Amino acid sequence: MAEAVKSRYQALLERMREQGATAGTLQGAVEHFLKVTQSYWPGLFHCYDVEGLPRTNNDLEQFF
């Protein structure tokens, strides 16, 4: 499942890169989003490989 999610997300990021110049005043936000996503990429899809691991912070907070 992780590979399918990763592939779809990667396609979305590529479209954002390609169309970033047309984002007008949001161009800086798009660039920042892409930069931050790249820095988190190594662990971003881990929750899809580990059964029972929450996928969001909100889900994780339910354990506390």
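Residues numbered from 1 in each chain as written. Predicted model: local features only at pLDDT ≥ 70, side-chain atom pairs only at ≥ 80, totals over all residues. Heavy atoms only, no water.

Engineer: Hey, could you go over the overall build of the protein chain for me, with residue numbers and the actual values?
Structural biologist: Summing up its helical and strand segments, the protein chain has three helices and zero strands in all. Reading the protein chain from its N terminus to its C terminus gives the helix and strand order α-α-α. Radius of gyration (C-alpha) of the protein chain: 14 Å, far over the 11 Å computed for a compact globule of 64 residues. In terms of its C-alpha atoms, the protein chain occupies a principal-axis envelope of roughly 40 × 25 × 15 Å. Scored against the burial criterion, the 64 residues of the protein chain give a buried share of 16%. Taken as a whole, the protein chain presents about 5,400 Å² of accessible surface, with 54% of it coming from carbon and sulfur. Seen as two clouds, the 6 positive and the 8 negative side-chain charges of the protein chain have centres 4 Å apart. (Helix = DSSP H or I, 4+ residues; strand = E, 2+ residues; numbered from the N terminus. Rg over C-alpha atoms; globule rule 2.2 N^0.38 Å. Buried < 20%, exposed > 50% of the residue type's maximum accessible area, 1.4 Å probe, protein only. Areas by Shrake-Rupley, 256 points an atom, 1.4 Å probe, with all protein chains shown as cover. Lys, Arg positive; Asp, Glu negative; His and termini not counted. Charge placed at Lys NZ, Arg CZ, Asp CG, Glu CD.)

Engineer: Explain the confidence of the model for the protein chain to me, and be specific about the residues and the numbers.
Structural biologist: Of all residues in the protein chain, 100% have pLDDT values of 70 or greater, and the mean over the chain is 90. Mean pLDDT values over the elements of the protein chain span from 84, in helix α3 (residues 57-61), up to 95, in helix α2 (residues 27-40). (pLDDT = per-residue confidence, 0-100.)

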